[in-house]
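Architecture and fold: a report
Residue strings, one per chain:
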Amino acid sequence: MTLTPNFDMDQFPATVPYYRTVAGASLCAVSPDEAFYRTYSAAQVDAIIGSLAQHAEFPFSLTYLGSGSESWRDGGLSPTSAAAPIAPATLLERHAEQLLALVPPSPSIQVVDLGPGTTRPIHGLLRHLLGRSRLAGYRAIDISAEMLELARQNLRTAFPHDADRFELCRGDFTGPDLAQVLIAKDEPHDDDSGPVRFVVMAGGTLYNFAEPDRVLRHVRHAMSGHDLLVLTLRFDTGVDQPPLMDHSGSATKSQHRAGLDLLNIDRSWYVTETGFDRDRSEVFVRARFVLPVAVTFDVDGARRTVSFEPGDTLLVWRLFYPDRSTLVDQLDRNGFKMRLFQFGQGSQVALVAATPGS
Ligand SMILES: C[S@@+](CC[C@H](N)C(=O)[O-])C[C@H]1O[C@@H](n2cnc3c(N)ncnc32)[C@H](O)[C@@H]1O
């Protein structure tokens, strides 16, 4: 795969694929259309080009924007779906008292939800805290306007009397936007009278990122020593194959293809593959090109082209799938100590809580 700054597309309509013969194979040349530039900011377009060119990966977190969010709308995802929520609504609620036991006896808890999605997995915990008058507030940040709208609707339905004071922010919590939800004024006071924060990343949100360690360190940096990190994730029990690999259908979920569709890469130009990368402990879905493909972007009037040869692959989804010791090590090297580990009803789902410090 190569990145060419000056690929000459001038004589072709911007969004219509054209074909020319390169060493006997048809070159499929496309440009993303308006929907792509409407969906993504200039910085996100830049990040997509960088990720395609340097890592042969479409950043999965950006597929929650625009049409990629549609599969979440009806809430009708099957439990085995790669895009299905990992934490059933009951998992956090069932262990709420154990979570509370890990923090100083604060009168109230501020819940900070990083990547809330539909918000359904957090409802049980919110209900538990509200029922005991322990909820200081709920603040969530999501990169996708569409997911936030879904979150808003679901919260209004589930909490008609409280949803007005819940705060939903649009932003990327892997960067400076994190300060919108993890801000100093909320930090617990020295006398432990202020709210304690539960910083939640449910549904494996952390583990879709190419560099979960970097994200974890970033979140750690914004947390105070009194806060609690709460994760839910799929987990390697050592007795089963990685989840989502038991049926080839998982490779063709619409959200996996959403990025490539927005780039105007025709579905007949690649095949999809699901696999498990043992070195990275990751399940992945990737596209393998069967034809030479060139995608040309318009960046502030300049053209940049990323091209792929037949046989090249492009990663469209990844999920870190650790065993317990890998997880303990990961938390440890990023400034956290694991304090709670609980399996969910499905044996491959776990709830993990960790406090800052080693
Ligand atoms: C795997 S879903 C999990 C949703 C929910 N927590 C659950 O358990 O069902 C990931 C969510 O995180 C959001 N997200 C992904 N990357 C993000 C980022 N960098 N900043 C903010 N939100 C992000 C997505 O839009 C999506 O709503």
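Coordinates for the structure precede this section.
Bear in mind that the values here come from a model prediction, so they are computed numbers and not experimental data.

Quick look at the overall build of the protein chain
A tally of helices and strands in the protein chain yields ten helices and 15 strands. In the protein chain, the proportion of contacts linking residues at least 24 apart, taken out of those at least 6 apart, comes to 71%. Of the roughly 15,300 Å² of accessible surface on the protein chain, a fraction of 49% belongs to carbon and sulfur atoms.

With respect to the nonpolar core
Counting 68 residues, the largest nonpolar core has Leu114, Leu229 and Leu331 as its most contacted members. If near-sequence neighbours (up to four positions away) are discounted, leucine 114 is found in contact with Ile141, Phe173, Leu178, Val181, Val199, Val200, Met201, Thr205 and Val219.

As for unusual backbone geometry
Most peptide bonds adopt trans geometry, and most residues besides glycine take a negative phi value. Even without being a glycine, alanine 56 presents a positive backbone phi close to 50 degrees. In this fold, alanine 56 is placed in the loop between helix 2 (42-55) and helix 3 (70-73). On the accessibility criterion, alanine 56 (15% relative accessible area) is buried.

Points about the pairing of strand 12 (residues 302-308)
In this sheet, strand 12 lies alongside strand 11 (residues 293-299) in antiparallel orientation, the contact comprising seven bridges. Within strand 12, the residue paired with valine 295 across the bridge is valine 306. Hairpin connection between strand 11 and strand 12: a loop of two residues separates the two successive antiparallel strands, and aspartate 300 in this loop has a positive phi of roughly 50 degrees.

Topic: the pattern of salt bridges
Counted under the stated rule, the structure contains 15 salt bridges. In this structure, arginine 214 and glutamate 211 form a salt bridge, with 3.9 Å as the shortest nitrogen-oxygen distance. Put simply, glutamate 273 and arginine 288 hold a salt bridge, and the shortest N to O gap is 2.5 Å. Here arginine 288 lies in strand 10 (residues 282-289) and glutamate 273 lies in strand 9 (residues 270-277), a separation of 15 residues in the sequence. Overall, arginine 288 belongs to the partly exposed group, its relative accessible area being 27%.

A closer look at the site of the ligand
Neighbouring the ligand are 21 residues, the closest being Tyr64, Gly115, Asp142, Ile143 and Asp172. Between the ligand and alanine 202 there is a distance of 3.0 Å, counted from a nitrogen atom to a backbone nitrogen or oxygen. Protein contact buries 97% of the 600 Å² of open area that the ligand shows by itself. A class-by-class count of the residues in the shell around the ligand yields ten nonpolar, nine polar and two charged.

Description of the environment of alanine 53
Mapped onto the fold, alanine 53 is located in helix 2. Separated by 255 residues in sequence, alanine 53 and phenylalanine 308 have C-alpha atoms that sit 9.5 Å apart.

Quick notes on the sheet that holds strand 8 (residues 228-234)
Strand order in this open sheet of seven strands is 6-5-4-7-8-15-14, and the pairing throughout is mixed. With one partner strand each, in any of the chains shown, strand 6 (167-170) and strand 14 (336-343) form the two edges of the open sheet. On average, each strand axis in the sheet is tilted by 20 degrees relative to the strand beside it, whichever way the strands run. Against the sheet, helix 7 (residues 145-158) makes contact with strand 5 (135-142) and strand 6, and its axis sits at roughly 170 degrees relative to strand 6, the strand it touches most.

Points about the sheet that holds strand 9
If you walk across this open sheet you meet the three strands as 9-10-13, and the pairing is antiparallel. For this open sheet the edge positions go to strand 9 and strand 13 (313-320), each flanked by a neighbour on one side alone. Pairwise comparison of adjacent strand axes, ignoring direction, gives a mean angle of 20 degrees for this sheet. Here eight bridges tie strand 9 to strand 10, and the two strands are oriented antiparallel to one another. Bridge pairing in strand 10 links valine 271 to arginine 288.

The rules behind the values
- Residues numbered from 1 in each chain as written.
- Predicted model: local features only at pLDDT ≥ 70, side-chain atom pairs only at ≥ 80, totals over all residues.
- Heavy atoms only, no water.
- Helix = DSSP H or I, 4+ residues; strand = E, 2+ residues; numbered from the N terminus.
- Contact = heavy atoms within 4.5 Å.
- Areas by Shrake-Rupley, 256 points an atom, 1.4 Å probe, with all protein chains shown as cover.
- Core = buried A, V, L, I, M, F, W, Y, C linked by side-chain atoms within 4.5 Å.
- Buried < 20%, exposed > 50% of the residue type's maximum accessible area, 1.4 Å probe, protein only.
- Pairing = 2+ DSSP bridges.
- Salt bridge = Lys/Arg side-chain N within 4 Å of Asp/Glu carboxyl O.
- Near = heavy atom within 4 Å.
- Polar contact = N/O pair within 3.5 Å; in protein donor to acceptor, adjacent residues only side chain to side chain.
- Nonpolar A, V, L, I, M, F, W, Y, C, P; charged D, E, K, R; others polar.
- Axes fitted to C-alpha atoms, helices over the stretch in contact; angles between N-to-C directions.

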